[in-house]
Amino acid sequence: EVQLVESGGGLVQPGGSLRLSCAASGFTFSNYYMTWVRQAPGQGLEWVSDINGGGGTTRYADSVKGRFTISIDNAKNTVYLQMSSLKPEDTAVYYCNVDYIQRLYWGQGTQVTVSS
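The model shown is predicted, which means the values in this text are computed figures rather than measured ones.

K.L.:
So, the packing of aromatic side chains: which residues are in play, and what are the values?
P.N.:
One pass over the full model with this rule turns up five aromatic pairs. For the ring pair F27 and Y100, a centre distance of 5.6 Å and an interplane angle of 40° mean the geometry is tilted. Within this pair, whereas F27 is found in the loop between β3 (18-25) and β4 (34-39), its partner Y100 is found in strand β9 (residues 92-100), the two being separated by 73 residues in sequence. The pair F27 / Y100 is uniform in exposure class, with both members buried. With 5.2 Å between their ring centres and 65° between their planes, Y32 and Y100 make a pair best called edge-to-face. Residue Y32 is located in the loop between β3 and β4, and its partner Y100 is located in strand β9; the two are separated by 68 residues in the primary sequence. A relative accessible area of 22% means that Y32 is categorised as partly exposed. Ring pairing ties together the aromatic residues F27, Y32, Y100 and Y105, which thus form one cluster.

What counts and how
- Residues numbered from 1 in each chain as written.
- Predicted model: local features only at pLDDT ≥ 70, side-chain atom pairs only at ≥ 80, totals over all residues.
- Heavy atoms only, no water.
- Phe/Tyr/Trp six-rings, centres within 6.5 Å; stacked < 30°, edge-to-face > 60°.
- Helix = DSSP H or I, 4+ residues; strand = E, 2+ residues; numbered from the N terminus.
- Buried < 20%, exposed > 50% of the residue type's maximum accessible area, 1.4 Å probe, protein only.

The structure is reproduced here in structure tokens:
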């Protein structure tokens, strides 16, 4: 059974940093793209970043480019999102997902709040 569990969210001041983690199980981690998506209060889903299982290809939304870094640890089956220079508009629930055998699996999400 595919499972994704996010952690690492919290309350942080503008300009601060957080590292989110997404621990995956139930599939061969290195064979798939892992994606971070966020949903701000009252807004739709926004794609943030993704990375291939080998870790060689990364992509970022323009809104986070240069501030967020996605990485992967295949030994731990975990994908990370290092977030720096956080802004109030980064406040959202952050989800990781994976498209595994034509089905999209999601974690439960982790809340990130950027506020002074």
